[in-house]
Amino acid sequence: YQSRDGLLELDIIAKENPVNLAGRQAYLLTYNGQVPAPRLEAQPGDKVRLHFTNNLSQPTNIHYHGLHIPVTGNADNVFLHIKPGEKLTYEFQIPPNHPAGTFWYHPHLHGLVAEQLFGGLAGLFIVRGQLDEIPEVKAAKEEFLVLQDFAVDNNGRLINSAHMSLMMGREGDIITANGQVNPSLSLPEQRLLRLRILNASPSRFYRLSLENHSFYQIATDGGALNEPIEVNELLLIPGQRAEVLIKGDRQPGQYRLLNLPYDRGGMGMMGGGMMGRNNRDEPIVLVTISYEDQGQSLSIPTQLASISALPEPQTVRSFELNHGMNPAVGMAFLINGEAYNHDRLDTQVQLDTVEDWEITNTGMMDHPFHVHNNAFQVISRNGQPESLLAWRDTVLVPRGETVRIRIPFRDFTGKTVYHCHVLDHEDLGMMGNLMIN
Ligand code: C2O
Ligand code: CU
Ligand code: CU
């Protein structure tokens, strides 16, 4: 779905729907009957008007992950509560200076986020712009990969979260790209493929690698990097996006995009269900990409953007991520010792200031830390300065480590949130309210 004459307008209906999943019928949660949800595309300056109907059996809402848009009213307001059977029109403008990039949308009603994402509710929201106009990027064949995992029973019904490993966050054994298990893609004649990848899984980490071949990362969550970086693997944590260019060899052949094992920690000693048992020992094939020898390949661009470093911060804050027992709810996930409370303002910042947030993970599991609405740059990891300049909205804070990020608060005031993007952790309390004044 693309915007026309400066307007992207469509109906979106959330409903349970039968979908073909790994060769069988499964009853998933969908936007407009599709898993992944319809891809939306707009340009900086466009107006967006989405007529939303909730035909789920639960309340829900929509969050526009990564977009720099208002957090109040009927825009990216995660405090809206849309009951079953209710409708709401989301309306906002993409700022004229918004970066081009790969963003996405998904439900964000606290307490139900993991469950609804795990049902399938997630789709891409593409903002077209400068990056798309770079000749080499424009000439490449563009494909999108939405990575999702599912767990359904023999009747194709979603398996209840109670059966899943809640501490680690739920993971399913059906791993899909664009709703399919190991789909095929082909490289075009010029043998340059631009893959735009989203991790829409509630908890699963994807450690991506192309068998026997390197590739070039050209964009992160917040859009283009300054220049392509050649890599052999790429860790995509829940919520994150990356764009890569894959260049075909002279000889015809096949590349397999693998998900390599990754250990994101665990509780140890507390019973099988709580251990990091979902880490697989075997690589999984996500996608197979085939190509033929077609002569000269297109080249990789040299310059993509000119990101500049942010000015020194006016304020520095610390956040500690951990979990603990809470008498009221049992196991809870905590930020600075507190589980999420809808009525408490945890962090108040001033518009048009820059802040450094130093986030320390003192727990036993890795946590992907996500801030709504304003993108940030990573400044250091464990005191070591970060050399790569990039805009992100989600960053991995590994167990036992400290990550410092720098956030400019621009354009929009109001209340929003930051949280762990292992969505069971978020639902179990690892979220804070952020007020931009
Ligand atoms: Cu992708 Cu607060 O979420
Ligand atoms: Cu978000
Ligand atoms: Cu977490």
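This is a predicted model, so every value here is computed, not measured.

## Examining the overall build of the chain
Then, in step 1: Helices and strands together make up the secondary structure of the chain, namely four helices and 30 strands.
Then, in step 2: By the compact-globule yardstick of 22 Å for 437 residues, the chain fits well, its C-alpha radius of gyration being 21 Å.
Then, in step 3: Taking the principal axes of its C-alpha atoms as reference, the chain extends roughly 65 × 55 × 45 Å.
Then, in step 4: Each of the 437 residues in the chain was classed as buried or not, and the buried ones make up 45%.
Then, in step 5: Sequence-distant contacts in the chain: of pairs separated by 6 or more residues, those separated by 24 or more amount to 77%.

## A closer look at the nonpolar core
Then, in step 1: Among the nonpolar cores identified, the biggest contains 109 residues, and Phe125, Leu147 and Ile246 are the most heavily contacted of them.
Then, in step 2: Per element, the largest residue contribution to this core is five residues, and it comes from strand S12 (residues 192–199).
Then, in step 3: Apart from residues lying up to four places away in sequence, Leu147 is in contact with Ala177, Ile197, Leu198, Asn199, Ala200, Ser201, Tyr206 and Leu286.

## Observations regarding the pairing of strand S1 (residues 7–21)
Then, in step 1: Pairing of S1 with strand S4 (residues 47–54), which is carried by eight bridges, proceeds in the parallel orientation. Paired with Ile12 across the strands is Phe52, a residue of S4.
Then, in step 2: Across eight bridges, the pairing between S1 and strand S2 (residues 24–31) is antiparallel. Considered in S2, the bridge of Asn17 is made with Leu28.

## Remarks on the sheet that holds strand S3 (residues 40–42)
Then, in step 1: The strand order across the open sheet formed by four strands is S3-S8-S7-S5, and the pairing between neighbours is mixed. In the strand order of this sheet, the two ends are held by S3 and strand S5 (63–65), each with one partner. Between one strand and the next, the sheet's axes are offset by a mean angle of 25°, whatever the strand orientation.

## Considerations on the domain arrangement of the chain
The figure often quoted for interface size is the accessible area lost as the parts come together.
Then, in step 1: Domain annotation of the chain identifies domain 1 (7–128), domain 2 (135–291) and domain 3 (315–436).
Then, in step 2: For domain 1 and domain 3, the distance between their C-alpha centres works out to 23 Å.
Then, in step 3: Counting from both sides, the interface comprises 14 residues of domain 1 and, opposite them, 18 residues of domain 3.
Then, in step 4: Counted by class, the side of domain 1 that touches domain 3 contains eight nonpolar, five polar and one charged residues.

## What about the sheet that holds strand S21 (residues 330–335)?
Then, in step 1: Pairing is mixed in the open sheet, where six strands are placed in the order S21-S20-S23-S28-S25-S26. Two strands lie at the open edges of the sheet, namely S21 and strand S26 (384–385), each paired on one side alone.

Rules and cut-offs
Residues numbered from 1 in each chain as written. Chains lettered and ligands numbered in written order. Predicted model: local features only at pLDDT ≥ 70, side-chain atom pairs only at ≥ 80, totals over all residues. Helix = DSSP H or I, 4+ residues; strand = E, 2+ residues; numbered from the N terminus. Rg over C-alpha atoms; globule rule 2.2 N^0.38 Å. Buried ≥ 20, exposed ≤ 12 C-beta atoms within 10 Å, placed from the backbone. Contact = placed C-beta atoms within 7 Å. Core = buried A, V, L, I, M, F, W, Y, C linked by C-beta atoms within 7 Å. Pairing = 2+ DSSP bridges. Axes fitted to C-alpha atoms, helices over the stretch in contact; angles between N-to-C directions. Domains from an automatic or database assignment. Nonpolar A, V, L, I, M, F, W, Y, C, P; charged D, E, K, R; others polar.

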